[in-house]
Amino acid sequence: MTDARPIRVLVVEDDPVAADAHVMYVGRVPGFAVVGKVHTGAEARRVLDRTPVDLLLLDLHLPDVHGLQFARSLRAAGHHADVIAVTSARDLAVVREGVSLGVVQYVLKPFTFATLRDRLVRYAEFHAAAGEASGQDEVDRALSVLRAPSPAALPKGLSGPTLERVTGALRDAPEGLTAARVAEAVGISRITARRYLEHLVEAGRAGRSPQYGQVGRPELMYRWVPQGR
């Protein structure tokens, strides 16, 4: 059973336009609620001192403090909110440093709503994990939900951006979609849509079942399968 309370998010971004976009993006993902929007580390600290926050959507280049320095000071002060870092920097040393400070995801600017939604949905699955693991496999599975699939693992002819759009369409339709409906939603052919859907099935990210009640052969219905279930 998952917690019915939404995951409380504080958006920390110095660019007002970007901050508004991040608030809008988070608000479009079920299970998340924005509890504040601030533009500096000092403002974020004041919010955290008076408002419960589960997750920071944190720009690393704030006008008064670097994001990782800010995260370090939060840990020292006893704040335990997780962090999704938002940055245009690609320095892997910064990525490694962030791991020890509660940074669970990095999102590189500029990014689309689909990219952030994927990270938030994965975080929600990780956040919902509770109880005692039955073994190593379950521990590995709980941690793996935070990691996006490696582009190198895609079969020849499949692209990461198209896979992201297919995945988003499937996630947004809990009742399931046929290949034809996915093709229409994403703007690709039905045959191509089926290839992506079958890849998701093989990866354990989607299930399929025949849809009866129509004349002729039953059509396959594809449904999203959250990681860790």
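The notes below deal with the structure included here. Here the structure is a predicted model, which is why all the values come from computation and not from measurement.

1. Comments concerning the pattern of salt bridges
In step 1: All told, the structure shown has 10 salt bridges when counted by the stated rule.
In step 2: As a salt-bridge pair, Arg-171 and Asp-118 come within 3.0 Å of each other at their nearest N and O atoms. Of this pair, Arg-171 sits in helix α7 (residues 160-171) while Asp-118 sits in helix α5 (residues 113-128), placing them 53 residues apart in sequence. Neither residue differs from the other here; Arg-171 and Asp-118 are each classed as buried.

2. A short note on the packing of α7 against helix α9 (residues 190-202)
In step 1: Contact geometry of α7 with α9 gives a least axis separation of 10 Å together with a crossing angle of 75 degrees. As summarised for this structure, α7 and α9 are arranged roughly perpendicular, according to the angle between their axes. Taking contact as the criterion, the partners of Thr-162, Leu-163, Val-166, Thr-167 and Leu-170 in α7 are, on α9, Tyr-196, Leu-197, His-199 and Leu-200.
In step 2: Residue composition of the contact of α7 with α9, by class: six nonpolar, three polar and no charged.

3. Digging into the environment of Ala-19
In step 1: By the secondary structure assignment, Ala-19 is in helix α1 (residues 16-27).
In step 2: For Ala-19, a relative accessible area of 0% corresponds to the buried category.
In step 3: In this structure the C-alpha to C-alpha distance between Ala-19 and Val-38, which are 19 residues apart in sequence, comes to 7.9 Å.

4. Observations concerning the nonpolar core
In step 1: Ranked by internal contacts, the top residues of the largest apolar core, which has 22 residues, are Leu-10, Val-12, Leu-48, Leu-56, Leu-58 and Phe-70.
In step 2: Contributions of two or more residues to this core are made by β1 (7-12), α2 (41-50), β3 (55-59), α3 (67-76), β4 (82-87) and β5 (103-108).
In step 3: What Leu-10 contacts, discounting residues up to four positions off in sequence, is Val-35, Gly-36, Lys-37, Val-38, Ala-44, Val-47, Leu-48, Val-53, Leu-55, Leu-56 and Leu-57.
In step 4: Judged by nonpolar contacts, the second largest core, of 20 residues, contains Leu-163, Leu-177, Ala-179 and Tyr-222.

5. Focus on the pairing of strand β2 (residues 32-38)
In step 1: Alignment of β1 against β2, held across six bridges, turns out to be parallel. Along β2, the bridge assignment pairs Val-9 with Val-34.
In step 2: Handedness of the β1-α1-β2 crossover: right-handed.

6. Focus: α7
In step 1: Helix length check: α7 (12 residues) gives 16 Å between terminal C-alpha atoms against 16 Å at 1.5 Å per residue, within 8%.
In step 2: All of the buried residues along α7 are Thr-162, Leu-163, Val-166, Thr-167, Gly-168, Ala-169, Leu-170 and Arg-171.
In step 3: In this structure, the buried residues of α7 make contact with α5, α8 (179-186), α9, β6 (206-211) and β7 (219-224).

What counts, and where the lines are drawn
Residues numbered from 1 in each chain as written. Predicted model: local features only at pLDDT ≥ 70, side-chain atom pairs only at ≥ 80, totals over all residues. Heavy atoms only, no water. Salt bridge = Lys/Arg side-chain N within 4 Å of Asp/Glu carboxyl O. Helix = DSSP H or I, 4+ residues; strand = E, 2+ residues; numbered from the N terminus. Buried < 20%, exposed > 50% of the residue type's maximum accessible area, 1.4 Å probe, protein only. Axes fitted to C-alpha atoms, helices over the stretch in contact; angles between N-to-C directions. Parallel < 35°, antiparallel > 145°, perpendicular 65-115°, else oblique. Contact = heavy atoms within 4.5 Å. Nonpolar A, V, L, I, M, F, W, Y, C, P; charged D, E, K, R; others polar. Core = buried A, V, L, I, M, F, W, Y, C linked by side-chain atoms within 4.5 Å. Pairing = 2+ DSSP bridges. Right-handed = clockwise from strand over helix to strand, strands pointing away. Expected span 1.5 Å × (residues − 1).

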